[in-house]
Amino acid sequence: MKNKLFVFMGYPGCGKSSLAKKLAIKETDLYLSSDELREEMFGFRDQTHNKELFAELHRRAIEHASIGDTYIDATNLTRKDRLRTISQFSKLYELHLICVLRSIDELVAVNEDRRINSPTEYIPDEIFKTILGRFQLPTYDEGWEKIDYYFITTNFSPLESYFDYKCREDIAHDNPHHPETVKEHINYLLECCEKLNKSEELKFISNYHDNGKFYVKLYNGEKGYSQFLGHAAVSAYIYLINRATEHMYINHDIFGFIANLHETIDTNKFITEYYGIYYHDLPYTLYDVDSLYHSLSKPSKPIKYMYRRANCKDDSVFKLAELLLEFNEIDRMREGDEDAGKTSTS
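Residues numbered from 1 in each chain as written. Predicted model: local features only at pLDDT ≥ 70, side-chain atom pairs only at ≥ 80, totals over all residues. Heavy atoms only, no water.

Participant: Pulling in residues and values, what's your account of the overall build of the protein?
Facilitator: Counting its secondary structure elements, the protein contains 14 helices and eight strands. Whereas a compact globule of 346 residues would reach a radius of gyration of roughly 20 Å, the protein reaches 21 Å, a difference of no more than 12%. When contacts within the protein are restricted to residue pairs at least 6 apart in sequence, long-range pairs at least 24 apart make up 74% of them. Carbon and sulfur atoms form 50% of the exposed surface of the protein, whose accessible area is close to 17100 Å². (Helix = DSSP H or I, 4+ residues; strand = E, 2+ residues; numbered from the N terminus. Rg over C-alpha atoms; globule rule 2.2 N^0.38 Å. Contact = heavy atoms within 4.5 Å. Areas by Shrake-Rupley, 256 points an atom, 1.4 Å probe, with all protein chains shown as cover.)

Participant: Kindly report on the pattern of salt bridges, identifying the contributing residues and their values.
Facilitator: For the coordinates displayed, the defined rule picks out 29 salt bridges. With a closest N to O distance of 3.1 Å, Lys-26 and Asp-69 form a salt bridge. Pair noted here: Lys-26 is in the loop between α1 (16-23) and β2 (30-33) and Asp-69 is in the loop between α3 (50-64) and β3 (70-73), with a separation of 43 residues, a long-range link. Given the relative accessible area of 44%, Lys-26 is considered partly exposed. Judged by relative accessible area, Asp-69 falls into the buried class, the value being 10%. Note that Lys-129 is salt-bridged to Asp-125, the shortest N-O span being 3.3 Å. Here Lys-129 pairs with Asp-125, and both are found in helix α6 (residues 125-132), just four residues apart, close to one helical turn. Note on Asp-125: relative accessible area 41%, which makes it partly exposed. (Salt bridge = Lys/Arg side-chain N within 4 Å of Asp/Glu carboxyl O. Buried < 20%, exposed > 50% of the residue type's maximum accessible area, 1.4 Å probe, protein only.)

Participant: Describe in detail the state of the cysteines, supporting the description with residues and values.
Facilitator: Considering all chains together, one arrives at zero disulfides under this definition. Here Cys-14 stays free of any disulfide, with the sulfur of Cys-99 as its closest cysteine sulfur at 7.9 Å. Exposure remark for Cys-14: the relative accessible area of 1% places this residue in the buried category. Cys-167 forms no disulfide, and the closest cysteine sulfur to it belongs to Cys-193, at a distance of 20 Å. A relative accessible area of 68% means that Cys-167 is categorised as exposed. (Disulfide = S-S within 2.5 Å.)

Participant: Provide a residue-level description of the packing of helix α2 (residues 34-42) against α3, including the pertinent values.
Facilitator: Relative orientation of the contacting elements α2 and α3 amounts to 110 degrees, with a least axis distance of 10 Å. Classified by the angle their axes make, α2 and α3 are roughly perpendicular. Counting all contacts with α2, which are made through Ser-34, Leu-37, Arg-38, Glu-40, Met-41 and Phe-42, the residues of α3 involved are Asn-50, Glu-52, Leu-53, Phe-54, Glu-56, Leu-57 and Arg-60. Partitioning the contact of α2 with α3 into residue classes produces six nonpolar, two polar and five charged. (Axes fitted to C-alpha atoms, helices over the stretch in contact; angles between N-to-C directions. Parallel < 35°, antiparallel > 145°, perpendicular 65-115°, else oblique. Nonpolar A, V, L, I, M, F, W, Y, C, P; charged D, E, K, R; others polar.)

Participant: Help me get a handle on α2, residues and values and all.
Facilitator: Those residues of α2 that sit buried are Ser-34, Leu-37 and Arg-38. The buried side chains of α2 occupy one side of the element, clustering within an arc of 110 degrees when seen end-on. Of the surrounding elements, those touching the buried residues of α2 are β2, α3 and β3. A side-chain oxygen of the first residue of α2 lies 3.3 Å from the backbone nitrogen of Asp-35; this N-cap is Ser-33. Looking at the residues trailing α2, positive phi occurs at Gly-43, about 85 degrees. (Arc of directions from axis to C-beta. Polar contact = N/O pair within 3.5 Å; in protein donor to acceptor, adjacent residues only side chain to side chain.)

Participant: Account for helix α8 (residues 200-208), naming residues and giving values.
Facilitator: Listed as buried for α8 are Leu-202, Lys-203, Ile-205, Ser-206, Asn-207 and Tyr-208. Looking at the buried side of α8, the elements it contacts are α7 (182-195), α10 (231-250), α11 (267-278) and α14 (316-331).

Participant: Can you tell me about the pairing of strand β1 (residues 3-9), naming the residues and giving the values?
Facilitator: A large share of β1 lies buried, amounting to five of its seven residues. Bridge count between β1 and strand β4 (residues 93-101): seven bridges; the pairing is parallel. The residue bridging Phe-6 from the neighbouring strand is His-96, located in β4. Sheet analysis places β1 next to β3, joined by four bridges and oriented parallel. Its bridge partner lying in β3, Phe-6 is registered against Tyr-71. (Pairing = 2+ DSSP bridges.)

Participant: Residue-level account of unusual backbone geometry, with values.
Facilitator: Backbone geometry at Asn-76 places phi at a positive 50 degrees, although glycine is not the residue there. Among the secondary structure elements, Asn-76 is positioned in the loop between β3 and α4 (79-89). When its relative accessible area of 8% is taken as the criterion, Asn-76 is described as buried. Positive phi, close to 55 degrees, is recorded for Asn-197, a residue that is not glycine.

Limitation: the analysis is restricted to geometry and does not speak to function.
What follows is the structure in structure tokens.
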């Protein structure tokens, strides 16, 4: 029988390290932290020798495979990062992923606290915003035996972590593509959805699609305007956080452990809304439904696998492509457009 490899994923400051150390309590357990190993190998938290760092981390985990369970503490935010880990250990361990969730507001607060009280752990603003845009939802087709979620918060109630853009201070786009503010744009899309009697899924995508812009705005000096790179991934993460807080509130869960989060709720709805938010910008480069469908169906994107795992209809990916095109036509509209709502899927 194989020992278990517990791979942690989550943003910096989400609480991965504290959780991993609480779980790795047996004498035969091995805890491996990428941050701690950086200090051991290079004397400080060097970010320029990742190849050497992870080669050593993986070497230690391989050596320990016959001794006991191993806990790897690193961000592992992207599918590519996780697949690299799986390729190293799938024959040696039973693979478990633990995804640690925390609201973006709390993550920002933790990083700011580190700037003052723990400068070696502080991540500069530009780098931190880039990291926020890297989150990709983990899925079983990557090769995991089990995926669990832990929701960590210092708030009195999980619902305090719920994000509502209407409660945010508005920000300007400072971008030639958007003369209106972020909140004005979202409000206008929601008004269009109501006016045109759009589906609830389209309303959800409209509500969430630009929420990430409140966290990733950076000025590009060469272009002379602000950009919001990675905002779609952050928006989808905010949606995930909100679904997690709703789940915990409904189930009176104060401990934050959620097994198979995206399978404990309406799975078809979750997949469509999460990836509708995540890929809402895709129709700006792929203009027709067939191109979108083929892109969404690629093995590098887990969407088709997730629909099949949830026993959804075979045309679910195609319908998502149609939904993205329908959303894009609304997303392109601005105040005063007379052709609002004239959609096409060809």
